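The lines below spell out each chain.
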Amino acid sequence: MTDLVLARSLFGTTMGFHIIYASLGVGIPLMILLAELIFQKTKDPHYAIMAKRWTKAQAVLLGVAIPTGTIAGTQLALLWPGFMEVIGKVMSLPFQIEIYAFFIEALFMSIYVYAADRLSPAMRIITVIFVVIGAAASAILITNVHAFEGTPAGFQMVNGEITNIEPWKAFFNPSFVVTATHVVLSAFTTGAFVIASVAAFKMLKTRKNEKLYTFHRKALFLGLIVGGLFSFLTALNGHESAQLLYEYQPEKLAGAEGLFETQSHAPLAIGGFTDANTQEIKGAIEIPWALSFLAGNSFDTVVKGLNDFPRDEWPPLFIHTLFNGMVIIGSLLIFFAMLALFYRKILKRDHYPKWLLVLYLFGGPLSLLAIEFGWIFACTGRQPWVIYRMLKTSEVVTSSGSIGTLFILFAIVYLILGIATVIVLTYYFRKHSIEEDLRLTES
Amino acid sequence: MQMDVTTDALIAITILWGFVFIYAVMASMDFGAGFWSMIYMNKEQTKAANIANKYLSPTWEVTNVFIVAIVVALFSLFPGATFVLGTVLLIPGSIILLLLALRSGFLVFSHSLPKKYRKAVTYISGISGFIIPSILIMVLPITHGGFIFQENNVYSLDLGLVFTSANVYSFVGFAIFSTLFLSSLLLADFSNVANEDEAYNIYRRGALITGPLSLMMAFFIMLTLRSEANWLFTKMMQNIPILLVSLLMFLLAGLALFLPNSRFKHRKGRPRLAVIAITIQYFLASYVYGHAHLPYMAYPDITIMSGFTDPVTFRALFITYIVGFIILFPGFYFFWKLFMKDKRYIRQED
Ligand code: HDD
Ligand code: HEM
Ligand code: HEM
């Protein structure tokens, strides 16, 4: 394998690992905030216990989110020095501002975790609000760099020299708002569905114990409602993301939909595999005219096909599957939440059937999977460009070599940290049971 | 090569230097605290390990942000230098990252684990606590010249030379001892506030042992610098008065540990005074080092001008630095009050 492929694999693995913790680091603080707010309003101690337990889990997750993020940031400079040279000159503002967001997150998270008992309820809520703001801002700002890679703005390349730099124009590049919104909304979705998954798991195990079951049912319902709301918003905004692709990165959209010929009334392909030789999608369900409508809000919209682009600038064709995976999961999640509403508000059931809980068990893992799909789609679909139509990935990769060894070492460390997270979380929550927390609040 | 240094570039390098300085002090305390909590873990009767943990728990996250701040400041302010440093530091940089990841992860995990695993985990964070600074500091001698080679516009680092340089080893020795020294001092101060006699005595003794050792290592650095990077040595010597003041501060800190304690008659030493004196000492010494290093970022190829960012970008960044500082300052103050000053936290039993 070439150094380029190895560097991509290493960076992709780092990001794929970081994003699990990072998305939860954005989503779970929101759930903690909501639980704190509901507790202040209803004085139902269950919500105070939820906030406390989720905070503990979040503190453990941060132990991996932060070092892997540090790795990501440093690896950008170590693996793609040519890229960071351009970013340093043109697009360093978001990175710089992100540092302040990290500080806000780190300061207030430490305060919330280690000093909660010394804070008044109002200060506690303000502290969590700052944690949510800090985490969401980190996500927004780093995503901005990714948005810039797809829709660069604020500079010109003249004979390989960067000129006419306008840093704020680069900052407010065309896809910034839509992309950053998508990432934050999807992180909120994920945090909520992961909470719901854990609650569903516990409900399956505590069917006989009414008290515990009620506790978990509240957590499940909160998770599903919040998750449902945000997955709906994610889907709406995802539609806008797709329209941005149509406008700014047409070959990525064509790749995502396996469209070869430029046409109006283009069909939307769901499922199947793109075959470059026969220029068709095998085994897909096609919805006539739908793609044109999605891309430009009218059936006449002409969608560009891959054949309009030089072959060596095609994105890899498997992104079709990734895109499908994300969209299908997104639709499923909305459906999950509606089902819960139906059971609870229309049928007014206190107990959910077992099959439904088993379904909810998958909500969290599925939303994490959607995040992975979405990112790999977005980053891999940009290939061969690292900055769209400006700079190729092959031009910016490090010349140092020995990346293979590093790849193995990093993979081992991620594996250790991943396994350790699971062990530590299970051990801690087994030892500090909810019964104990309930007893503590009752006495 | 452009040699006239602009004010912008000077401000930029000062910002970067400021981050490095703050990180160096905070990280020394952080890594050292991890090390001491490992050493005293098995001594059930002393509170020394507890004190170390109490300092460590809330601060490591904030300390870590400073590493990121350094990396970001480096590539935003000096993208040209980042290109070279990023290329040549792939291996040492990756090793640091791997160790940091293991250390931070397990540091956090250790609070949630049963006693028997907690030990193993504390060893990981304790041992990495002195390996990381010794690799981190190698970046300094690497920038002094003689280790980076350029061929067909490709930069590479000769690791063989790095690991056989006496100068590099004196830096490493210095990193280890000054990490232990700074953290002992700070923890002595912390135990003084916490009113833990025994822990106080342990950390005071630690400082008395590691202090002279780190001073000795600093002398070794100068000695080897003279032969290995004479340009830097000569320029540092031009500031000898400041170096002497710095030495004086070191002696003052030593003296402070023998003065009568202002509040408790039976305790010897004024740790707060010692901490302040040592911080000033490090500040002065690293100022002299940094000043002599200019205009080179990596001798002799990269100066602060050749690696500097676009002036427009610099101005935009500079504004965010000011705004960011204004916004963050109250947060830092609040944090400091809650963890470093609030006796309810420091004296809390756990
Ligand atoms: C819970 C996660 C999740 C869910 C349910 C969805 N997405 Fe998404 N999507 C992401 C998580 C995500 C992401 C991981 O956050 C990405 C990767 C890069 C980015 O900006 O956001 C993304 C990227 C992304 C892109 C690519 C942007 C680019 O390449 O620049 C498009 C076009 C969509 N999404 C569209 C959708 C649509 C139409 C959805 C309909 C349901 C949808 N997403 C659901
Ligand atoms: C966190 C979720 C992310 C995941 C899972 C992810 C995934 C990936 C993958 C798989 C690659 C390799 C692409 C290939 O060669 O096929 C890659 C490359 C890359 N990504 Fe992302 N990415 C993420 C976020 C980001 C963000 C936020 C940025 C912007 C700072 C970014 C910038 C890059 C760069 C610079 C490369 C290397 C150059 C390239 O291959 O284009 N990524 N990423
Ligand atoms: C879009 C995908 C990403 C999201 C949603 C995200 C979000 C987060 C969050 C919530 C944290 C924890 C914040 C904290 O506690 O300080 C974090 C940490 C971090 N992330 Fe990411 N991140 C993403 C991608 C990246 C990328 C591509 C980089 C590298 C350029 C990066 C660099 C970092 C760093 C350096 C940290 C550690 C900060 C610290 O030391 O506290 N992240 N990220």
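Scroll up to find the structure this text is about.
Model, not experiment: these values are computed from the prediction.

1. Considerations on the coordination of the iron atom of ligand 1
Residues and elements named next belong to chain A. Within the protein, the iron atom of ligand 1 binds to His 182 (NE2) and Met 326 (SD); these donor distances fall in the range 2.1 to 2.5 Å. The site at the iron atom of ligand 1 holds six donor atoms, and with the angles between them running 79 to 179°, its shape is octahedral. Taken as a pair, His 182 in helix α7 (residues 176-205) and Met 326 in helix α11 (residues 319-346) lie far apart in primary sequence, 144 residues in all. Overall, the relative accessible area of 19% leaves His 182 in the buried class.

2. Details of the site of ligand 1
Residue and element names in this part refer to chain A. The immediate surroundings of ligand 1 are formed by 25 residues, with Thr 179, His 182, Lys 252, Met 326 and Ile 371 found nearest. Between ligand 1 and His 182 there is a distance of 2.8 Å, counted from a nitrogen atom to a side-chain nitrogen or oxygen. Here an oxygen atom of ligand 1 sits 2.7 Å away from a polar atom, N or O, in the side chain of Lys 252. Counting residues per element, the ones that place at least two in the shell around ligand 1 are α7, α8 (210-248), α11 and α13 (363-380). In the shell around ligand 1, the residues fall into 12 nonpolar, 12 polar and one charged.

3. Observations concerning the coordination of the iron atom of ligand 3
Protein coordination of the iron atom of ligand 3 is limited to a single donor, His18(A) (NE2), positioned at 2.1 Å. Note that His18(A) resides in helix α1 (residues 3-42).

4. Details of helix α8 (residues 166-194) of chain B
Residue and element names in this part refer to chain B. Here α8 spans 41 Å end to end across 29 residues, near enough to the 42 Å set by a 1.5 Å rise per residue. Most of α8 is tucked away, with 25 of its 29 residues classed as buried. The N-cap of α8, judged by a side-chain oxygen 3.2 Å from the amide nitrogen of Asn 167 a few residues on, is Ser 165. Looking at the residues trailing α8, positive phi occurs at Asn 195, about 65°.

5. As for the site of ligand 2
Residues and elements named next belong to chain A. With respect to spatial proximity, 21 residues lie near ligand 2, and among them Arg 8, Glu 149, Cys 379, Arg 382 and Gln 383 are the closest. Contact distances for ligand 2 include 2.8 Å between an oxygen atom and a side-chain N or O atom of Gln 383. Within the side chain of Thr 393, an N or O atom sits 3.4 Å from an oxygen atom of ligand 2. For the shell around ligand 2, the elements supplying multiple residues, two or more each, are α1, α5 (121-150), α13 and β7 (385-387). When residues in the shell around ligand 2 are grouped by element, the largest group, six residues, is from α1. Looking at the shell around ligand 2 residue by residue, the class counts come to 12 nonpolar, six polar and three charged.

6. Remarks on the interface of chain A and chain B
With 64 residues of chain A at the interface, the matching set in chain B holds 62 residues. For the pair chain A and chain B, the summed buried surface comes to about 5600 Å²; carbon and sulfur atoms form 78% of the total. Of all residues in chain A, the largest losses of buried area upon contact with chain B belong to Phe103(A), Tyr114(A) and Arg118(A), amounting jointly to 13% of the total for that side. Joining chain A to chain B, the criterion identifies zero salt bridges. Viewed at the interface, chain B and chain A are joined by six residue pairs in polar contact (both at pLDDT 80 or more). Put simply, the parts of the chain that give the side of chain A that touches chain B at least two residues each are α2 (45-79), α3 (81-90), α4 (92-115), α6 (167-171) and α15 (403-431) of chain A. Ranked by residues supplied to the side of chain A that touches chain B, first place goes to α4(A) with 19 residues. Taken together, the residues that form the side of chain A that touches chain B break down as 43 nonpolar, 15 polar and six charged.

7. Thoughts on the pairing of strand β2 (residues 154-157) of chain B
The two faces of the sheet receive side chains in turn, since in a regular strand these alternate between them. Residues and elements named next belong to chain B. By the alternation rule, side chains of β2 split into Tyr 155 and Leu 157, which are all buried, and Val 154 and Ser 156, of which none is buried. Taken together, the four bridges between strand β1 (residues 148-151) and β2 define a ladder with antiparallel strand orientation. For Gln 150, the partnering residue across the bridge sits in β2 and is Tyr 155.

8. Concerning the pattern of salt bridges
Residue and element names in this part refer to chain A. In total, this model carries 10 salt bridges over all chains according to the counting rule given. With its nearest N and O atoms 2.9 Å apart, the salt bridge here joins Arg 124 to Glu 36. Of the two residues, Arg 124 is situated in helix α5 and Glu 36 in helix α1; the sequence distance between them amounts to 88 residues. For Glu 36, a relative accessible area of 4% gives the class buried. With a shortest N-O distance of 3.3 Å, Arg 389 and Glu 251 are connected by a salt bridge. Of this pair, Arg 389 sits in the loop between β7 and β8 (391-392) while Glu 251 sits in helix α9 (residues 250-257), and the two are 138 residues apart along the sequence. We classify Arg 389 as partly exposed; its relative accessible area is 43%.

Definitions and limits used
- Residues numbered from 1 in each chain as written.
- Chains lettered and ligands numbered in written order.
- Predicted model: local features only at pLDDT ≥ 70, side-chain atom pairs only at ≥ 80, totals over all residues.
- Heavy atoms only, no water.
- Donors = N, O, S within 2.8 Å, 3.2 Å for Na, K, Ca; no water.
- Tetrahedral: all angles 85-135°; square planar, octahedral: opposite > 155°, others 65-115°.
- Helix = DSSP H or I, 4+ residues; strand = E, 2+ residues; numbered from the N terminus.
- Buried < 20%, exposed > 50% of the residue type's maximum accessible area, 1.4 Å probe, protein only.
- Near = heavy atom within 4 Å.
- Polar contact = N/O pair within 3.5 Å; in protein donor to acceptor, adjacent residues only side chain to side chain.
- Nonpolar A, V, L, I, M, F, W, Y, C, P; charged D, E, K, R; others polar.
- Expected span 1.5 Å × (residues − 1).
- Contact = heavy atoms within 4.5 Å.
- Buried area = accessible area lost by both parts, 1.4 Å probe.
- Salt bridge = Lys/Arg side-chain N within 4 Å of Asp/Glu carboxyl O.
- Pairing = 2+ DSSP bridges.

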